[in-house]
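# Observations on chain architecture
Residue-level listing of the chains:
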Amino acid sequence: MINESDLEAWSYYNEAYKEKMSMDQYQSAAAKTAIYKSEHSILYPALGLAGEAGEVANKVKKMLRDGNFDRHAIAAEIGDVLWYTAALARDLNVDLHDIALGNLEKLYDRKSRGKIGGSGDNR
Ligand SMILES: [Mg+2]
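Heads up: these notes are all about the structure in this document.

What counts, and at which threshold
- Residues numbered from 1 in each chain as written.
- Predicted model: local features only at pLDDT ≥ 70, side-chain atom pairs only at ≥ 80, totals over all residues.
- Helix = DSSP H or I, 4+ residues; strand = E, 2+ residues; numbered from the N terminus.
- Rg over C-alpha atoms; globule rule 2.2 N^0.38 Å.
- Buried ≥ 20, exposed ≤ 12 C-beta atoms within 10 Å, placed from the backbone.
- Axes fitted to C-alpha atoms, helices over the stretch in contact; angles between N-to-C directions.
- Parallel < 35°, antiparallel > 145°, perpendicular 65-115°, else oblique.
- Left-handed = near helix turned anticlockwise from the far one by under 90°.
- Contact = placed C-beta atoms within 7 Å.
- Nonpolar A, V, L, I, M, F, W, Y, C, P; charged D, E, K, R; others polar.
- Core = buried A, V, L, I, M, F, W, Y, C linked by C-beta atoms within 7 Å.
- Expected span 1.5 Å × (residues − 1).

The next point concerns the overall build of the protein. Per the secondary structure count, the protein includes five helices and zero strands. Listed by position from the N terminus, the elements making up the protein come as α-α-α-α-α. In terms of C-alpha radius of gyration, the protein reaches 17 Å, well past the compact-globule figure of 14 Å for 123 residues. Its C-alpha atoms put the protein at 50 × 40 × 35 Å along the principal axes. For the protein, with 123 residues in total, the buried portion stands at 10%.

Pasting the structure below:
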């Protein structure tokens, strides 16, 4: 649960990281806002991540339907995706930074081998 010291910590984070924040700093700060039960770890953020990704898709869908492009609304949903991603990574005991770096290493390796296009996890 979020307590008074967490709120004070948020004030600190908000000022300290206004300019730049590392992925691990974000993951640590985001963890202080997690209120799901420990017995729901991994499952709760995985489901939340899927739901928020759906919200991103829904905002883009409505852009197609209504012709109104609201990039700030989409960005807010991407923030929710980021929160659940960070929470899921934390529950898996993996630093968000390591996931991001590993993903870039995979993509640049594919690019260097001319395999950036196409499909399949193990290109
Ligand atoms: Mg959302």
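Continuing now.
Time to look at the packing of helix α2 (residues 23-31) against helix α5 (residues 96-112). Where α2 contacts α5, the two axes come as close as 7 Å, and the packing angle between them is 140 degrees. Between α2 and α5, the angle is such that the two are oblique. The crossing of α2 and α5 is right-handed. Between α2 and α5, the residues in contact are M23, D24, Y26 and Q27 and L96, H97 and A100, respectively. Taken together, the residues that form the contact of α2 with α5 break down as four nonpolar, two polar and one charged.

Before going further, it helps to spend a moment on the nonpolar core. Grouped together as the largest cluster of nonpolar side chains are eight residues: A30, W83, Y84, A86, A87, L88, A89 and L96. The element best represented in this core is helix α4 (residues 71-91), accounting for six residues. When near neighbours in sequence (up to four residues on either side) are disregarded, Y84 contacts P45, G48, L49 and E52.

A few words now on helix α3 (residues 43-66). The terminal C-alpha atoms of α3, which comprises 24 residues, lie 34 Å apart, in line with the 34 Å expected from a rise of 1.5 Å per residue. In the segment just after α3, G67 is the residue with positive phi, at about 75 degrees.

Here α4 is 21 residues long and its end C-alpha atoms lie 30 Å apart, about the 30 Å a rise of 1.5 Å per residue gives. All of the buried residues along α4 are W83, Y84, T85, A86, A87, L88 and A89. Looking at the buried positions of α4, the neighbouring elements they touch are α2, α3 and α5. Among the residues trailing α4, N93 stands out with phi positive, at a value near 60 degrees.

Here α2 crosses α4 at 90 degrees, and the two axes come no closer than 9 Å. In terms of axis orientation, α2 runs roughly perpendicular to α4. Residues Y26, Q27, A30 and A31 of α2 form the contact with α4, whose participating residues are W83, A86, A87, A89 and R90. Split into classes, the residues belonging to the contact of α2 with α4 amount to seven nonpolar, one polar and one charged.

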